[in-house]
Amino acid sequence: MSSVVTRVPVFAANWKMNKLVREAPEYVERLNALLGELYSALSFEVLIAPPATHIQSVSASLQGLPIKVAAQNCGTARAGAFTGEISPAVLKELACQWVILGHSERRHIFNEEDSLIASRLRAALEEGLNAVVCVGEVLQDRKAGKTFKVIESQLALFNSAKGAFQPSLLRRVVVAYEPVWAIGTGENATPQEAQEVHAFIRNWLSEKVSPEEATAVRVVYGGSVKAENSGQIMAQKDVDGLLVGGASLDPNTFAAIIKNGLKTRLPGAPI
Ligand code: PGA
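All of these numbers come straight from a predicted model, not from anything done at the bench.

Enquirer: Hey, could you run me through the site of the ligand in this one?
Expert: The local shell around the ligand holds 13 residues, among which Lys16, His103, Glu178, Gly184 and Ser224 are the closest. Between an oxygen atom of the ligand and a side-chain N or O atom of lysine 16, the distance comes to 2.7 Å. Take glycine 246: an N or O atom from its main chain is 2.8 Å from an oxygen atom of the ligand. Here the ligand loses 95% of its free accessible area of 290 Å² to cover by the protein chains. The class makeup of the residues in the shell around the ligand is four nonpolar, seven polar and two charged.

Laid out in structure tokens, this is it:
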């Protein structure tokens, strides 16, 4: 259904709760040095998702560079009595254009449910942020043959994030398929397993929204991505990018992941 060339590949580094603020500028400088030339030759996007406390510093280091900063979560409203939450309006103020929502660690460690994630998504989109919305099954579900059922029930959060289905808004969403059993375990989904779920997500969007929108929306894979497997995973026709945790903490490794991914995604490109 999809034409691969129309979707710009996107690679996101999820630092999780790692690194000191003072370590951020050197990372950005190194990553830019490694990717600089590719930017002028190819079309792709790179996001860095540091802890919220680091966003201002990372944003400042990124000034003038094509790399964008992403938050790892955001609140459900612009302002109010929400102790510990981070306003999407403040993220915008800090030049943060993206936010990751519904990450499996938010879902499983902090018990965030689809309804809460939907509220966060609505607030983020209303504020003009772009969102990476994560879905993924736990091992027990996969073993029980319930993967698609779980993914479908998580995707339904788009229904309750009022307005997220408007084509203009959906274009600002990236769906991340992150099988929970593959996150931080070293055990990635096989490229075929990833492709199967990515195609399922795209079909679901095609049915619920429109075939045009489904073709345009980027679906990225996350879960134990490394430089050794990024090429094979990105070779799948419905995989439009990668969300990388542990292996993104080293800019050299993250750059290698991006380059290997782009090599198979854009055959013949000067990488
Ligand atoms: P991982 O994490 O690459 O360390 O498996 C991915 C993620 O949690 O986004």
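Enquirer: Help me understand the packing of helix α7 (residues 147-155) against helix α10 (residues 191-208) in this model?
Expert: Packed helices, taken two at a time, are described by their axes: the angle between them and the distance between them. Where α7 contacts α10, the two axes come as close as 11 Å, and the packing angle between them is 40 degrees. One finds that α7 runs oblique with respect to α10. Judged by the sense of rotation from one axis to the other, the crossing of α7 with α10 is right-handed. Facing α7, whose interface residues are Thr147, Phe148, Ile151, Glu152 and Leu155, α10 presents Glu196, Val197, Phe200, Ile201 and Trp204.

Enquirer: Just checking my understanding: could you explain the pattern of salt bridges for this structure?
Expert: Close approach of charged atoms lets side chains of opposite charge pair. Under the counting rule described, the total for this entry stands at 16 salt bridges. Salt-bridge contacts for arginine 142 lead to glutamate 193; the nearest nitrogen and oxygen are separated by 3.8 Å. Of the two residues, arginine 142 sits in helix α6 (residues 139-143) while glutamate 193 sits in helix α10, which places them 51 residues apart along the sequence. Given a relative accessible area of 24%, glutamate 193 falls into the partly exposed group. Here arginine 171 and glutamate 213 are joined by a salt bridge, their closest N and O atoms 2.9 Å apart. One end of the pair, arginine 171, is in the loop between α9 (167-170) and β6 (173-177); the other, glutamate 213, is in helix α11 (residues 211-216), with 42 residues separating them in the sequence. A single salt-bridge network, built from bridges that share partners, covers Arg7, Arg202, Lys237, Asp238, Asp240 and Arg265.

Enquirer: Is there a simple way to think about the nonpolar core in this case?
Expert: Within soluble globular proteins, side chains that are nonpolar generally end up buried alongside one another. By size, the foremost hydrophobic cluster in this structure holds 69 residues, and its most contacted members are Ile201 and Tyr221. Per-element tally for this core: the top contributor is helix α1 (residues 24-41), with seven residues. Once residues lying within four places of it in the same chain are set aside, the contact partners of isoleucine 201 are Val135, Ile151, Leu155, Val175, Tyr177 and Val219. Counting 13 residues, the second-largest nonpolar core is a separate cluster that includes Leu47, Trp98, Cys134 and Leu243.

Enquirer: Any chance you could explain the sheet that holds β6 here in plain terms?
Expert: Within a beta sheet, neighbouring strands are joined by backbone hydrogen bonds and run either parallel or antiparallel to one another. Strand order in the closed barrel formed by eight strands is β1-β2-β3-β4-β5-β6-β7-β8, and the pairing between neighbours is parallel. Taking the axes of each pair of neighbouring strands and ignoring which way they run, one obtains an average angle of 25 degrees across the sheet. Of the pairings in the sheet, the one linking β6 to strand β7 (residues 218-222) comprises four bridges and is parallel in character. Its bridge partner lying in β7, tyrosine 177 is registered against tyrosine 221.

Enquirer: Any chance you could explain the packing of aromatic side chains here in plain terms?
Expert: Aromatic rings in a pair are described by how distant their centres are and how their planes are angled relative to each other. The final tally for this structure, using the stated rule, is four aromatic pairs. Over the ring of tryptophan 15 we find lysine 19; its NZ or CZ atom is 5.4 Å from the centre of that ring.

What counts and what doesn't
- Residues numbered from 1 in each chain as written.
- Predicted model: local features only at pLDDT ≥ 70, side-chain atom pairs only at ≥ 80, totals over all residues.
- Heavy atoms only, no water.
- Near = heavy atom within 4 Å.
- Polar contact = N/O pair within 3.5 Å; in protein donor to acceptor, adjacent residues only side chain to side chain.
- Areas by Shrake-Rupley, 256 points an atom, 1.4 Å probe, with all protein chains shown as cover.
- Nonpolar A, V, L, I, M, F, W, Y, C, P; charged D, E, K, R; others polar.
- Axes fitted to C-alpha atoms, helices over the stretch in contact; angles between N-to-C directions.
- Helix = DSSP H or I, 4+ residues; strand = E, 2+ residues; numbered from the N terminus.
- Parallel < 35°, antiparallel > 145°, perpendicular 65-115°, else oblique.
- Left-handed = near helix turned anticlockwise from the far one by under 90°.
- Contact = heavy atoms within 4.5 Å.
- Salt bridge = Lys/Arg side-chain N within 4 Å of Asp/Glu carboxyl O.
- Buried < 20%, exposed > 50% of the residue type's maximum accessible area, 1.4 Å probe, protein only.
- Core = buried A, V, L, I, M, F, W, Y, C linked by side-chain atoms within 4.5 Å.
- Pairing = 2+ DSSP bridges.
- Phe/Tyr/Trp six-rings, centres within 6.5 Å; stacked < 30°, edge-to-face > 60°.
- Lys NZ or Arg CZ within 6 Å of the ring centre and 35° of its normal.

All we've got here are geometric facts, nothing functional implied.
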